[in-house]
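Residues per chain are reported as follows:
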Amino acid sequence: MISIRRQLTRELLVAFLLLLGGALAALYISAREELIEQFDDALRAKAAAISSLTFQEPNGIHVDASDQLFRSFTREHPHDFFEICSAMGDVLARSDSLAGADLPAPDRPLDRPRFWNIALPDSRPGRAMALAYSPMMDEDERRRNLPQAHLVLVVASDSEPLDEALTELLAIGATCGVLGLAVTAWVVSRVLRRGLQPLARLGEQTARINADSLAERFPANDMPAELQPIVNRLNELMARL
């Protein structure tokens, strides 16, 4: 037997589930993009600092690693990594945190900074940034017409905190979705039960009609506007009978 209340409950829950799922998905995607953008901004700042501390000298490329920034690039705190290569791909400098390993080379040419996910040398998940730049030269090298070097810098960071934040965000969204669906099912059930009470009363009154109750009439004033045509027609039918 088809139940109007069950059918309406099912359809309303499906519609709410679609709306809630779409809203949570959009919220998750927006928050995910924001977190990744913040992570990339940190990579961009580290790359800018390293490039500003890179100097071209007659005997090669020198990176001033005495800055406080480079504490996270050491073997004791291997959270950040960098590698500087020539335009031909030769490694000119790398951070101590790499312990002699190499970072994945980016696709070329690098007409703009590039970001991508990588596996770090110790197999942890990471995210990297690559950019092309030219190191600074002092006045002596310029006067000696030393050819300007063109370098590629790859900076990477451990992305486990980012992945954990995204996983936590996804778990929160799923929990909110389940709780929202449960609360909605309870509210919809109560609202439909109350809203369909006039129809249920009309059905009960109709079921009690027999030959001895033809003088009775259905109370049309108490019925919703949608049921009044039915009530009026039933009252007319009973009057004729």
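Scroll up for the structure.
Treat the numbers as computed from the prediction; the structure is a model and nothing was measured. (Residues numbered from 1 in each chain as written. Predicted model: local features only at pLDDT ≥ 70, side-chain atom pairs only at ≥ 80, totals over all residues. Heavy atoms only, no water.)

**Student:** Account for a negative patch on the surface, with residues named and values stated.
**Tutor:** Side chains of E160, D163, E164 and E168 sit close together on the surface and give a patch of like negative charge. The topology assignment puts D163 in helix α3 (residues 160–195). When its relative accessible area of 30% is taken as the criterion, D163 is described as partly exposed. (Patch = residues over 30% accessible without salt bridge, like charges linked within 9 Å, V, L, I, M, F, W, Y side chains within 5 Å. Areas by Shrake-Rupley, 256 points an atom, 1.4 Å probe, with all protein chains shown as cover. Salt bridge = Lys/Arg side-chain N within 4 Å of Asp/Glu carboxyl O. Lys, Arg positive; Asp, Glu negative; His and termini not counted. Charge placed at Lys NZ, Arg CZ, Asp CG, Glu CD. Helix = DSSP H or I, 4+ residues; strand = E, 2+ residues; numbered from the N terminus. Buried < 20%, exposed > 50% of the residue type's maximum accessible area, 1.4 Å probe, protein only.)

**Student:** Go over the packing of aromatic side chains with me, naming the residues and quoting the values.
**Tutor:** Scanning all chains against the criterion turns up one aromatic pair. Where F73 meets F82, the ring centres are 5.5 Å apart and the plane angle is 70°; that geometry is what we call edge-to-face. The residues F73 and F82 share a single accessibility class, namely buried. (Phe/Tyr/Trp six-rings, centres within 6.5 Å; stacked < 30°, edge-to-face > 60°.)

**Student:** Would you mind going over the pairing of strand β4 (residues 91–94) in detail, with residue names and values included?
**Tutor:** As paired elements, strand β3 (residues 80–86) and β4 share three bridges and run antiparallel to each other. The residue of β4 that forms the bridge with C85 is V91. (Pairing = 2+ DSSP bridges.)

**Student:** Any chance you could break down a positive patch on the surface for me, citing the residues and the numbers?
**Tutor:** Together, R5, R6, R190, R193 and R194 line one region of the surface with positive charge. With respect to the secondary-structure elements, R6 resides in helix α1 (residues 4–52). A relative accessible area of 61% places R6 in the exposed class.

**Student:** Lay out the packing of α1 against α3 with the relevant residues and their values.
**Tutor:** Running from amino to carboxyl end, α1 crosses α3 at an angle of 160°, the nearest separation of the two axes being 9 Å. Looking at the two axes, α1 sits roughly antiparallel to α3. Read as a crossing pair, α1 and α3 show a hand that is right-handed. Among the residues making up the contact of α1 with α3, the classes are represented as 21 nonpolar, five polar and three charged. (Axes fitted to C-alpha atoms, helices over the stretch in contact; angles between N-to-C directions. Parallel < 35°, antiparallel > 145°, perpendicular 65-115°, else oblique. Left-handed = near helix turned anticlockwise from the far one by under 90°. Nonpolar A, V, L, I, M, F, W, Y, C, P; charged D, E, K, R; others polar.)

**Student:** Would you mind going over the pattern of salt bridges in detail, with residue names and values included?
**Tutor:** One pass over the full model with this rule turns up 10 salt bridges. The salt bridge partner of D40 is R127, with a shortest N-O separation of 2.6 Å. With D40 in helix α1 and R127 in strand β6 (residues 125–133), this residue pair connects regions lying 87 residues apart in the sequence. When its relative accessible area of 11% is taken as the criterion, R127 is described as buried. Several salt bridges converge on common partners, so that one network encompasses E83, R94 and D102.

**Student:** Explain unusual backbone geometry to me, and be specific about the residues and the numbers.
**Tutor:** A positive phi angle is found at A99, which is not glycine, with a value near 55°. Summarising the element assignment, A99 is placed in the loop between β4 and β5 (114–119). Under the relative-accessibility criterion, A99 is labelled partly exposed at 48%. Notably, S123 is not glycine yet its phi reads approximately 75°, a positive angle. Along the chain, the position of S123 falls in the loop between β5 and β6. S123 sits in the exposed class, given a relative accessible area of 62%.

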